[in-house]
Amino acid sequence: MSLEESLVAHCSPTLAGLRAANLFPFKPEDTGRFIVQLKEWRSWFASRGLKLIALRRRDRAWLLYLCRPDRLALDVTDPGVSNFLRRMGYDTSDSFDGLLRQLSARLRSRSGFPHEIGVFLGYPLEDVVGFMENKGKNYTCSGCWKSYGNPEEAACRFSRYHACTADYLRRFAGGEGVKQLTTA
């Protein structure tokens, strides 16, 4: 799967402006070519107010993160989220980019995912904390993640994300590329 196809398959809700961020693994066939493409996509996304980052590399697999920094920067300055991140060991006086560097360092030093990653993906704090406190059990709704709040709201949100992805994959198959599908 090409990088562009992976972006559509894994990041359609972020491309469309429905979600603040998406995360996906990518294993390029040619690492040198991939690095060139990554730089090109980073530049193009930056011109549209999005950020594409390689958070981690293990062997030949990369963990890529596409986000809308303006939306997430507002989320992480929310007092509840900021206090949560501080309790998780983050220096919340750092900039949003600094918080992403802290997250990236945690991802590189661990084999799994730190649970607070949900905050950086735009999950409601209630869901991130609920997942941690319940060890992934007792959720009210499961979809793109496990929700611990209102199940109807979560199901509606997940349905919108799935419909967006299906629509974007159909449009991509019809010849539209990421540049045509990205909402500024």
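Source: prediction; values computed, not measured. (Residues numbered from 1 in each chain as written. Predicted model: local features only at pLDDT ≥ 70, side-chain atom pairs only at ≥ 80, totals over all residues. Heavy atoms only, no water.)

Draft legend 1. Representation of the environment of Tyr90. Along the polypeptide, Tyr90 turns up in the loop between α4 (79-87) and α5 (96-109). Residues Tyr90 and Glu152, spaced 62 residues apart in sequence, show a C-alpha to C-alpha distance of 32 Å. Beyond its immediate chain neighbours, meaning those up to four positions away, Tyr90 contacts Leu85, Leu99, Gln102, Leu103, Arg106, Glu116 and Phe120. A polar contact is formed between the side chain of Tyr90 and the side chain of Glu116, at a distance of 2.8 Å. (Helix = DSSP H or I, 4+ residues; strand = E, 2+ residues; numbered from the N terminus. Contact = heavy atoms within 4.5 Å. Polar contact = N/O pair within 3.5 Å; in protein donor to acceptor, adjacent residues only side chain to side chain.)

Draft legend 2. Looking closely at the state of the cysteines. Overall, the coordinates contain zero disulfides when judged by the stated rule. Left unpaired, Cys11 is separated from the closest cysteine sulfur, that of Cys67, by 10 Å. In this structure Cys11 comes out as buried when scored by relative accessible area, which is 0%. Free cysteine Cys144: the closest other cysteine sulfur is in Cys141, separated by 9.4 Å. (Disulfide = S-S within 2.5 Å. Buried < 20%, exposed > 50% of the residue type's maximum accessible area, 1.4 Å probe, protein only.)

Draft legend 3. View of the sheet that holds strand β3 (residues 61-67). Taken together, the three strands give an open sheet; going across it, the order is β1-β3-β2, and neighbouring strands pair in antiparallel fashion. Both outer strands of the open sheet, β1 (21-26) and β2 (51-58), are each paired with one neighbouring strand and no more. The mean angle between the axes of side-by-side strands here comes to 20 degrees, regardless of whether they run parallel or antiparallel. Bridge count between β2 and β3: seven bridges; the pairing is antiparallel. In the strand pairing of β3, Ala54 is matched with Leu64. In the packing of α5 onto the sheet, contacts are made with β2 and β3, and the angle to β2 comes to roughly 20 degrees. (Pairing = 2+ DSSP bridges. Axes fitted to C-alpha atoms, helices over the stretch in contact; angles between N-to-C directions.)

Draft legend 4. Seen up close, the nonpolar core. One finds Tyr65, Leu85 and Phe120 to be the most contacted residues of the largest nonpolar core, which totals 29 residues. Broken down by secondary-structure element, the contributors of at least two residues to this core are β2, β3, α3 (69-77), α4, α5, α6 (117-120) and α8 (151-173). Considering each element in turn, this core owes the most residues, five residues, to α5. If near-sequence neighbours (up to four positions away) are discounted, Leu85 is found in contact with Val76, Tyr90, Thr92, Glu116, Val119 and Phe120. Leu7, Val8, Phe34 and Val178 belong to the second largest nonpolar core, which has 22 residues in total. (Core = buried A, V, L, I, M, F, W, Y, C linked by side-chain atoms within 4.5 Å.)

Draft legend 5. Local environment of α3. All of the buried residues along α3 are Pro69, Leu72 and Val76. Looking down the long axis of α3, one finds its buried residues gathered within 65 degrees of arc, a one-sided arrangement. Summarising the geometry of α3, the exposed residues directed more than 90 degrees from the buried face are Asp70, Leu74 and Thr77. Those residues of α3 that are buried are in contact with β1, β2, β3, α4, α5 and α6. (Arc of directions from axis to C-beta.)

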